[in-house]
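Read off the chains here:
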Amino acid sequence: MAAHLNQLARELSDLSNNMLVTNAISDSQGRSSYLAPFLNDINKGAYGFHELRLMDLTGVTLAGTGSVSRAPLWLTPEVVKRLEGGHKHASLERETQRVVIAVPVLFPPSRTVEGVLYGTIALQPLLVSSSQARASDVAVSILDREGRTVTKVEFYPTAQNGHNLQRVLDMISPLDTLGLQAELTVDGFDGVWLTGTLVLVFICGGLIFFFLTVFVSMRVARSISQPVLQLSAAAAQIASSGAAVPDSIPLVGYGEVADLARSLRLMADAVQRNQSILEDRVQSRTRDLQEAKSRLDDVMSSVDDAIWSYVARERQFRVVSEAAERITGIRVRDIISDPIRLLNLIEFADRRKVRAALRQIVRRRSESLEIDLRITTASGIAKVVRTRLRGVFSASGRLLRVDGISTDITVRVSTEIRLRLLERGVNASENGIVITDYRMPDNPVIYVNPAFERITGYGALEAIGRNCRFLLGNDLQQPGVIELRAAINAGHPARVTVRNIRKDGAVFWNDLAISPVLSTSGKVTHYVGVITDVTAKRESESAQQIYMARLESILSLSPDGFATFDIEDRLTFANQAIQRFTDISVEDLHGLKMRQVWGILQRRSDGRYPFPEIEHCFEHEDDPGGRAYDVRKAVMHISGPESPRVVQAAIRDGVTGLAASVMFLRDMTRESEVNRMKSEFLSTAAHELRTPMASILGFSELLLTRELAPDIRKDLYQTVYDQATRLSNLLNELLDLARIEARMGRDFKYTVSPIGSIVRSTLGALMIPGDSRIVKVNVDSEEALVRVDGEKIQQALTNVISNAYKYSAGRGDIELSVTCTAQDVAVTVRDSGIGMTPEQLSHMFERFYRADTTGNIPGTGLGLSLVKEIMEIHGGECRIASEHQVGTTVTLLLPIFREAAVSPAEVAVVA
Amino acid sequence: MKVILRVSFIVVAAIAGVNISTAQGAADSKTGVKPIIIGFDSEAGHLTSTSDDAIRIGIAIAIEEINARGGVLGRPLSIEERDNRSVPPRGVANARAFGENPDVVAFIAGKFSPVVLEQLDTVHKNGLILLAAWSAADGITRNGFRPNNVFRLSLYDSIAIAALMEDASARGYTKIGLFAPNTGWGRSSLDAAREFARKKGMSIVDVQWHNWGMQEKTFVGSYEKLREAGAQLILMVANEGEGAVFLKDIASKPSDARLPVNSHWGILGGNFPAMAGTSLHEVDLRIVTTITYRTAKSAKARRLLESAAVRLGLAGPEYLTSVVGVAQAYDLVHMLAIAISQAKSIDRAAVRTQLERIAVYDGAMKQFRLPFSATQREALTASDLQMVRFRPDGTLEAAPRSSR
């Protein structure tokens, strides 16, 4: 009995998912035409409910078997709430001895519970049918949870005096909530004997009394029943002909019998009228029924499952719905005419399942069972069909027919296999995988794989049901999380790196990729997330980023140009300095090949110098680690804004990491210029020193080896002396210049003096042998103060004035003027000498440069260089203006000293 | 978009006990002036329908305009929304709740005809006015009640089916296969199609029913049967879920085995282009409707739809998925406001009478002249219908006339 109840509960659940049932919820106008017949048909064939109904949550019956009633009493608000939550319900109706099973009906468009399908089962007949086979001297009772009898079947009148056995029935949900128990009462031996004797006596007495009564009654009745018999014959004739003819009833008998005859005639008259009304009604009902049947047929044909009924005695299918043709590929009429064709579609190994199932049904071990069969359709397609079979038996227990519903589950089965394989793959994955249900509030986790548990430290049971944000701790405003949230709100995939916290509190970096799962209607139903622990990678990247940032700032500050090239020889990085060499922005250089960059340098090269070929400049070099590299080095001349620049280029190949080779460009212009100047200076100085030295050597050798006349000897001594003097002057000036350059004025002794006194001291000490001209002095600003090393300024002024004398011998006066502006004091020396050409003027401050190329005017070529150095160290300047054969003007500019607090002592030093 | 709207709506509805008032209504409650409430029985709980979003926006824009002018009878208008999830018993419970609130003068019904048909008893019992902005079953207005409390500004099945059949006929198709839901809507469509076919010498060669509720994964069998029965064109009566599956099934056939489809407008009540995918352009699909942005006749309609698109954050008004709901609900609210001010009260019977006496209303759909009368409950006629089709970008445009 428990098995039967459980089976009914399962079948009710299956029925609640039927498309016709869900459709009926919204089809208020038309459902009566198909749902009630459908439920009736289902219940008649396969189910055993006393009532089977669909109602809405307010208790209004939408369709069902039995008469329509008001909302059932068990449908309390609490029960409605439970049903709305998707829970099934069962209750016991004590008065009617029935069990009620109610299952919620999910309405697909809204995915909410909108109906209740319920069935009532009468316990008494169920108990009788399930106890009959084995019981002859027992009483069986069904008790409720509190032990009260709900229903009872006794197979022996005194059984209540026997021994009791009680057992709780093993029920599935929701029947298990009823706590039903079965009680078996077995009769005792003494009671049976006594009761049996009494029963026998009563039966014998009763039979004798019965036969006597019948005999006497028949005698009396015959005398008074003749008219009644006539009436009865007339009534029988009406009944047999089916037509009520009032005239055929005789008006016989007296008293009540005569009344009866008249009444019968009146009744026949009324029946005749009603009969014609009923006939019309039957015709109309028949039409309605036909229409309903045709609609039911339409509906049956639109159901995907094949519904069929096989009549055992005829060994033929009686009903086969059109879906059978879709599933098997055999036409419905062929299935009906030749059932063997259907059997032949079933895989050989599975035919045994069919036979076993049928045997089981015949032996009534099970009235309903389910088997999965592999078939090959008529068109050769392999399918899996789930078939639910149910035997229908006559009252005598003979199998009348087998009803069944066959569902094509090929897609479901293959999907399940694929899902199992996928699940194995997911479980074996090194990446953590998490799936969330987007349709549920707060998008909770519904699945995590073992790798997720390993990475996060949280077990599946701890993670499932929570939103993934528990991995974030309080850090909910990370940029990655905001991006993630935006993607989820928009239903998009995303990949971010977020900072997560393991269960043990340790922080880890999670490279998270999420992707939405869409339903067939295009709506997001789930999100799948793949988690990768990138903490180690991230730390190393971070260290590398810091290293790279440092390196980049070092490189950006470097005046030397750097560029790196990848394995395909394309430029991947260049610092800003490289723009100076190529005159092309770093962005434009990006991606160029090394040969193209070399070509740019070549186009910018100075045509006067040869440009090195990139292939011809290999050198071999060892790095500090002892590894050998090929290095290409070359020097090139690049056109600059004023003069060509000397650039040293080096290319090192075989660099590992991001760069395959590195190009290095260094501006060597200044070093090259300094080198050139140094060489030139040495060469000039050597030449300048060698000339007097050669004279001294030559003449002193002559004096030593020859006997010469005294006047000639004296003349030679004079020459040696002059040359030695010149050599000495040259060395002194060179030393002065070198010292001034090296010390940069640090050994100058500065004092504040009026400029007038400095000029006069200089002129007072000036001695130009053999020249009687005097300097015309014009001092405007006698008292203007300057802060200078008096000796050095006098040396500079002496150099300028002696030059004026030397280059204007016999050509007019020399003038000296002192003027003062707001900033400077200018000491100007003007001569009317030979002057200089512009070309000569441009070389004026070069060391050893002499405007006089005849050698008649003495000098070292260092004087003006010395003047320039001294003036610049004082913060002043030396300016020269000259016109060839007209004269030269040299101006020495010194800044005026404006400090108010000058000690008289300091002023007095020079004065 | 719909998902976000839907989720946010459900959250708000859960918090507010499915009673949503506009900001205006809330503000006025502070000043002590009780708002006049217009009910909205939506199917917010339906997972794919977007028509409720459209109708909600149409109502909201109209209410904002009316309230900006000072409301009606010195009181602001406000909206109260209840969710029927497309389930008739819930619709009945909602109608009962609206009826019990004396400040509710009328309510606007949603898209699903089975729900509205079930509400008629309750509506007439408590004298409430029902304004149908979308639901199309003929029986909604031809309901046998006297007086009739239902007013509709929408297409309805008999003229919609006639327009679809007329279009098929004009393109030379005479054998029609019907694909319809196993509900009152499907059956009334079949009746209308048979009636038209009988008059015009066409034939309905076969009917394939589908069950309500988006459970089926394919209708290939139904389609094949319609084709085998000799159908030259499919008349599709379906909502967006079933319609998209059916269209995909047709698109899966070789191009010479794809029949043209003339569809009822049920598929426009959701994001059909997204659900149908590429099949949208692989099948010759035409839909009957009342308005699209591109075919809107008045500047007022275009302004309304542009405003609605801005509120929904769409790229443009042509991307509105349930555009008819916006315009029709908008016009109904304005008509109701006119009737209330003519009645000078919110007595439901008085307002019903005044709805029958609106002389001229220059609406978004068109200029209405006596839209309703004591016997006339349909504001639109067959001449207001148009055939449209989808462009490659998923927006709607007028279908060319009579080209096969």
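A quick note: this is a predicted structure, and the numbers were derived from the prediction, not measured.

Regarding its fold elements, chain A presents 26 helices and 32 strands. Burial statistics for chain A: of 911 residues in total, 41% are counted as buried. In chain A, the proportion of contacts linking residues at least 24 apart, taken out of those at least 6 apart, comes to 51%. Of the roughly 51600 Å² that chain A leaves accessible, carbon and sulfur atoms contribute 56%.

Right, let's talk about the pairing of strand β10 (residues 306-311) of chain A for a bit. All names here are of chain A. Counting buried positions along β10 gives five out of six residues, so the element sits mostly inside the fold. In this sheet, strand β14 (residues 399-408) lies alongside β10 in antiparallel orientation, the contact comprising six bridges. If you follow Ser309 over to β14, its bridge partner there is Asp403. Pairing of β10 with strand β11 (residues 316-320) involves four bridges; the strand directions are antiparallel. When the bridges of β11 are listed, Trp308 appears paired with Val320. Adjacent in sequence and paired antiparallel, β10 and β11 are bridged by four residues, among which Arg315 carries a positive phi angle near 50°.

Glancing now at helix α4 (residues 88-100) of chain B. Across its 13 residues, α4 of chain B extends 19 Å between first and last C-alpha, which sits within 8% of the 18 Å expected from 1.5 Å per residue. What α4 of chain B keeps buried is the set Pro88, Pro89, Arg90, Gly91, Val92, Asn94, Ala95, Phe98 and Gly99 of chain B.

This part covers the packing of aromatic side chains. This structure, assessed with the given rule, holds 18 aromatic pairs over all chains. With a centroid separation of 6.0 Å and 65° between ring planes, the pair formed by Trp598 of chain A and Phe611 of chain A is classed as edge-to-face. Separated by 13 residues along the polypeptide, Trp598 of chain A in helix α19 (residues 594-603) and Phe611 of chain A in the loop between α19 and β22 (618-622) bring together distant segments of the chain. Looking at Trp598 of chain A, the relative accessible area reads 5%, which means it is buried. Accessibility expressed as a relative area gives 16% for Phe611 of chain A, which makes it buried. Between the aromatic rings of Phe179 of chain B and Phe219 of chain B, the centroid separation amounts to 5.0 Å while the plane-to-plane angle is 70°, which identifies the pairing as edge-to-face. Separated by 40 residues along the polypeptide, Phe179 of chain B in strand β6 (residues 175-181) and Phe219 of chain B in the loop between β7 (203-210) and α8 (220-228) bring together distant segments of the chain. Taking the relative accessible area as the measure of exposure, Phe219 of chain B reaches 4% and is therefore buried. Ring pairs connect the aromatic residues Phe179, Phe219, Tyr223 and Phe246 of chain B, which therefore count as one cluster.

This next bit is on helix α7 (residues 184-200) of chain B. With 17 residues, α7 of chain B extends 24 Å from end C-alpha to end C-alpha; this agrees with the ideal 24 Å at 1.5 Å per step. Listed as buried for α7 of chain B are Gly184, Trp185, Gly186, Arg187, Ser188, Ser189, Leu190, Ala192, Ala193, Phe196 and Ala197 of chain B.

Moving on, we get to the interface of chain B and chain A. Facing the 31 residues of chain B at the interface are 37 residues of chain A. In total, about 2900 Å² of surface goes out of reach between chain B and chain A, with carbon and sulfur atoms giving 53% of it. Inspection of the chain B/chain A interface yields four salt bridges. Note that Arg90 of chain B is salt-bridged to Glu114 of chain A, the shortest N-O span being 2.6 Å. Where chain B meets chain A, there are eight residue pairs in polar contact (both at pLDDT 80 or more). Contributing elements (two or more residues each) for the side of chain B that touches chain A: α1 (2-16), α4, α5 (113-125), α7 and α8 of chain B.

One pass over the structure, following the stated rule, counts 61 salt bridges over all chains. In this structure, Arg391 of chain B and Glu397 of chain B form a salt bridge, with 3.6 Å as the shortest nitrogen-oxygen distance. With a relative accessible area of 26%, Arg391 of chain B lands in the partly exposed category. Here the salt bridges share partners, and the residues they tie into one network are Glu84 and Glu114 of chain A together with Arg85 and Arg90 of chain B.

All names here are of chain B. Per the counting criterion, the structure on display carries three cavities of 30 Å³ or more. Taken together, Lys111, Phe112, Ser113, Pro114, Trp134, Ser135, Ala136, Trp185, Trp212, Asn239, Trp265 and Gly266 form the lining of the largest cavity. Looking at the lining of the largest cavity residue by residue, the class counts come to seven nonpolar, four polar and one charged.

On to a positive patch on the surface, then. On the surface, a cluster of positive charge is made up of Arg352, Arg355, Arg359 and Arg363 of chain A. Structurally, the position occupied by Arg359 of chain A is in helix α11 (residues 348-362).

Time to look at the confidence of the model for chain A. All names here are of chain A. In the predicted model, chain A carries a mean pLDDT of 83, and 92% of its residues have values of at least 70. By mean pLDDT, the top-scoring element of chain A is strand β32 (residues 887-895) (93), and the lowest-scoring one is helix α26 (residues 904-910) (45). Per-residue pLDDT stays below 50 along residues 905-911; that stretch engages in 10 contacts with residues further than four places along the chain or on separate chains.

A few words on the environment of Ser294 of chain A. Residues and elements named next belong to chain A. Take Ser294: it is sitting in helix α7 (residues 255-302). Looking at Ser294, the relative accessible area reads 38%, which means it is partly exposed. Spatially, the C-alpha atoms of Ser294 and Tyr34 are 9.7 Å apart, while their sequence positions differ by 260 residues.

Once that is clear, we can look at a nonpolar patch on the surface. A cluster of nonpolar side chains, Val199, Ile203, Leu207, Phe210, Phe211, Val214 and Met218 of chain A, forms an exposed patch at the surface whose accessible area comes to about 650 Å². The topology assignment puts Val199 of chain A in helix α6 (residues 189-241).

This part is about unusual backbone geometry. With an omega of 0°, the peptide bond running from Ser173 of chain A to Pro174 of chain A counts as cis. In this fold, Pro174 of chain A is placed in the loop between β8 (163-168) and β9 (181-186). Residues other than glycine seldom take positive phi values, yet Asp569 of chain A does so here, at roughly 70°. Non-glycine residue Leu370 of chain B carries a positive phi angle of around 45°.

Residue and element names in this part refer to chain B. Read across the open sheet, the five strands follow the order β2-β1-β3-β4-β5; overall the sheet is parallel. At either margin of the open sheet sits one strand with a lone partner, and together these are β2 (77-83) and β5 (150-152). If you compare each strand with its neighbour and ignore which way they point, the axes differ by 25° on average. One ladder, built from four bridges, connects strand β3 (residues 104-109) with strand β4 (residues 129-132); its direction is parallel. When the sheet's bridge partners are listed, Ala106 is paired in β4 with Ile129.

All right, on to the confidence of the model for chain B then. Residues and elements named next belong to chain B. The predicted model of chain B has a mean per-residue pLDDT of 87, with 91% of residues at 70 or higher. Put simply, α1 is where chain B has its lowest mean pLDDT, 38, and β5 is where it has its highest, 97. Low pLDDT (under 50) marks residues 1-29, which in the prediction has 44 contacts with non-local residues, meaning those over four places away or in another chain. Across the whole predicted complex the pTM is 0.47, and at the interface the ipTM reaches 0.78.

To characterise two packed helices, one gives the angle between the axes of the helices and the distance between these axes. All names here are of chain B. The N-to-C vectors of helix α12 (residues 323-343) and helix α13 (residues 348-355) enclose an angle of 115°; their axes lie 8 Å apart at closest approach. Put simply, α12 runs roughly perpendicular to α13. The two elements α12 and α13 cross, and the hand of that crossing is right-handed. Taken together, the residues of α13 that come into contact with α12 (itself represented by Met335, Leu336, Ala339, Ile340, Gln342 and Ala343) are Ala350, Val351, Gln354 and Leu355.

The next thing to look at is the pairing of strand β12 (residues 368-376) of chain A. Residue and element names in this part refer to chain A. Across nine bridges, the pairing between β12 and strand β13 (residues 382-393) is antiparallel. Of the residues in β13, the one forming a bridge with Asp372 is Arg386. Hairpin connection, β12 to β13: the antiparallel pair is bridged by five residues, and Gly380 has positive phi, about 85°.

Residues and elements named next belong to chain A. Relative orientation of the contacting elements helix α23 (residues 790-806) and helix α25 (residues 863-873) amounts to 145°, with a least axis distance of 9 Å. Between α23 and α25 lies a crossing of left-handed hand. Residue-level contacts link Lys792, Ile793, Gln795, Ala796, Asn799, Val800 and Asn803 of α23 to Gly863, Leu864, Leu866, Val867, Ile870 and Met871 of α25. Here the contact of α23 with α25 is built from residues that sort into eight nonpolar, four polar and one charged.

Thresholds, definitions, all that
- Throughout this description, residue numbers start from 1 for each chain and increase along the sequence as written.
- Lettering of chains starts at A and numbering of ligands starts at 1, both following the order in which they are written.
- Under the rules for a predicted model, residues below a pLDDT of 70 receive no local features and side-chain atom pairs below 80 are neither given nor counted, while totals for whole chains, interfaces and linings still include all residues.
- Excluded from the side-chain calculation are hydrogens and water; included are all heavy atoms of the structure.
- For helices the rule is a DSSP run of H or I covering at least 4 residues; for strands it is a run of E covering at least 2, with both sets numbered from the N terminus onward.
- The cut-offs for exposure are 20% and 50% of the maximum accessible area for each residue type, with area from a 1.4 Å probe on protein chains only; residues under the lower value are buried, those over the upper are exposed, and the others partly exposed.
- It only takes one pair of heavy atoms within 4.5 Å for two residues to be counted as in contact.
- In these tables, accessible area is a Shrake-Rupley quantity obtained with a 1.4 Å probe, and a residue counts as shielded only by the protein chains included in the view.
- Any two strands are treated as partners once DSSP identifies two or more bridges connecting them.
- Multiply 1.5 Å by the residue count of a helix minus one, and that product is the helix's expected span.
- Pairing of aromatic rings covers Phe, Tyr and Trp, the last through its six-membered ring, and needs centres within 6.5 Å; plane angles under 30 degrees mean stacked, over 60 mean edge-to-face, and all others mean tilted.
- As a working definition, buried area equals the accessible area (1.4 Å probe) given up by two parts on being put together, with both sides summed.
- By convention in these notes, a salt bridge is any Lys or Arg side-chain nitrogen within 4 Å of a carboxyl oxygen on Asp or Glu.
- We call two N or O atoms a polar contact when they sit within 3.5 Å, provided that within protein one can donate a hydrogen and the other can accept it, with sequence-adjacent residues counted only if both atoms are side-chain atoms.
- Cavities and pockets were defined on a 1 Å grid built from protein atoms only: a cavity is a group of points that admits a 1.4 Å probe but offers it no way out, a pocket is an open group of points flanked by protein on both sides within 12 Å along at least five of seven lines, and a lining residue is one with an atom within 4 Å of any such point.
- Grid points are joined across faces, edges and corners, and a volume is the space filled by probe spheres set on the points.
- For this classification, the nonpolar set comprises Ala, Val, Leu, Ile, Met, Phe, Trp, Tyr, Cys and Pro, the charged set comprises Asp, Glu, Lys and Arg, and every other residue, Gly included, is treated as polar.
- What makes a patch is a set of residues exposed beyond 30% relative accessible area and free of salt bridges, joined within 9 Å when like-charged and within 5 Å when nonpolar (Val, Leu, Ile, Met, Phe, Trp, Tyr).
- Charged-residue counts in this description rest on Lys and Arg as positive and Asp and Glu as negative, His and the chain ends being excluded.
- Each charge is placed at NZ for Lys, CZ for Arg, CG for Asp and CD for Glu.
- Confidence scores per residue from the predictor, reported as pLDDT, run from 0 to 100.
- Interaxial angle, 0 to 180 degrees, is taken between N-to-C directions of lines fitted to C-alpha atoms, where a helix line uses only the stretch in contact.
- Between 65 and 115 degrees an angle is taken as roughly perpendicular, under 35 as roughly parallel, over 145 as roughly antiparallel, and anywhere else as oblique.
- Crossing handedness: left-handed means the near helix sits turned counterclockwise from the far one by under a right angle, and right-handed means the same turn made clockwise.

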